[in-house]
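Chain by chain, the residues run as shown.
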Amino acid sequence: MFGIGTRKARLHANSFRNMLGENEHGWGLSHKGVLWHKGIALIYTDRFKENQATVVGLLFDGIEGTLTYYKDGECLGVAFRGLDKIKEPLYPIVCSTAAKTEMTLKSTRSEIGHLQDMCRAEVMKHIRTRHDLTKLKLPSIITNYLSEAITENVPLRQVDNYDMLFEF
């Protein structure tokens, strides 16, 4: 699992389970493509391929209060919102939910928002769809950068019986 959590997030279990997101102290994405928070599971993306390296990226935007995931360089869209309301410090967390899992954790952190990111946040307060963005007739490099913040994905579905969902 990949995500973020507060100091109160559980960091150890004696079994392979979805710890990150089991309660209100964590927000996570499992290798099955399911988002977890407060014990609620939502289908977010295709499950990761077994026995194949996958690069998972996380972009936590503290100003906007969002957590966005990337899978092999492709933006999957904003997964969680409202994180700016959390008053406790948030930390990156990676945990294994499968046997024989290997992970490498790399981190880049920016305490002070870049002017570019702050400008995007301000613009995106007024733009909600790709159609609205194209009306601005901006250069493609700026349009592409702004469009990363737009989520017009199909609404996530809650998983009612998580274990049954992935049995073959």
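The structure presented is a predicted model; accordingly, all values stated were derived computationally and were not measured.

Engineer: I'm lost on the side chain of R120 in this one. Help?
Structural biologist: Tracing the chain through its elements places R120 in helix α1 (residues 115–124). Looking at R120, the relative accessible area reads 11%, which means it is buried. Excluding residues that lie within four positions of it along the chain, R120 makes contacts with L59, Y145, L146, E148 and A149.

Engineer: Looking at this structure, how should I read the confidence of the model for the protein chain?
Structural biologist: Do not read the fine detail of predicted coordinates wherever pLDDT is low. Looking at the protein chain, the pLDDT average stands at 82 and 83% of residues meet or exceed 70. Mean pLDDT across the secondary structure elements of the protein chain bottoms out at helix α4 (residues 162–165), with 54, and peaks at strand β2 (residues 26–29), with 95.

Engineer: Which parts of the structure should I look at to understand the sheet that holds strand β6 (residues 66–71)?
Structural biologist: Strand pairing in a sheet is mediated by backbone hydrogen bonds. Such pairs are either parallel or antiparallel. With antiparallel pairing, the three strands of this open sheet are ordered in space as β5-β6-β7. The open sheet terminates on both sides in strands that have one partner only, identified here as β5 (56–61) and β7 (74–80). Each adjacent strand pair in this sheet contributes to an overall mean axis angle of 25°, direction not counted.

Engineer: Would you explain the pattern of salt bridges in this entry?
Structural biologist: Two side chains bearing opposite charge may form a pair once their charged atoms approach each other closely. For the coordinates displayed, the defined rule picks out three salt bridges. Its salt-bridge partner being E22, residue R10 comes within 2.8 Å of it at the nearest N-O pair. Placement of R10 in the loop between β1 (2–5) and β2 and of E22 in the loop between β1 and β2 is noted, with a sequence separation of twelve residues between them. Owing to a relative accessible area of 24%, E22 belongs among the partly exposed residues under this scheme. Ionic pairing is found between K85 and D84, a salt bridge with its closest N-O pair at 3.4 Å. The class of K85 is exposed, set by a relative accessible area of 58%.

Conventions and cut-offs
- Residues numbered from 1 in each chain as written.
- Predicted model: local features only at pLDDT ≥ 70, side-chain atom pairs only at ≥ 80, totals over all residues.
- Heavy atoms only, no water.
- Helix = DSSP H or I, 4+ residues; strand = E, 2+ residues; numbered from the N terminus.
- Buried < 20%, exposed > 50% of the residue type's maximum accessible area, 1.4 Å probe, protein only.
- Contact = heavy atoms within 4.5 Å.
- pLDDT = per-residue confidence, 0-100.
- Pairing = 2+ DSSP bridges.
- Axes fitted to C-alpha atoms, helices over the stretch in contact; angles between N-to-C directions.
- Salt bridge = Lys/Arg side-chain N within 4 Å of Asp/Glu carboxyl O.

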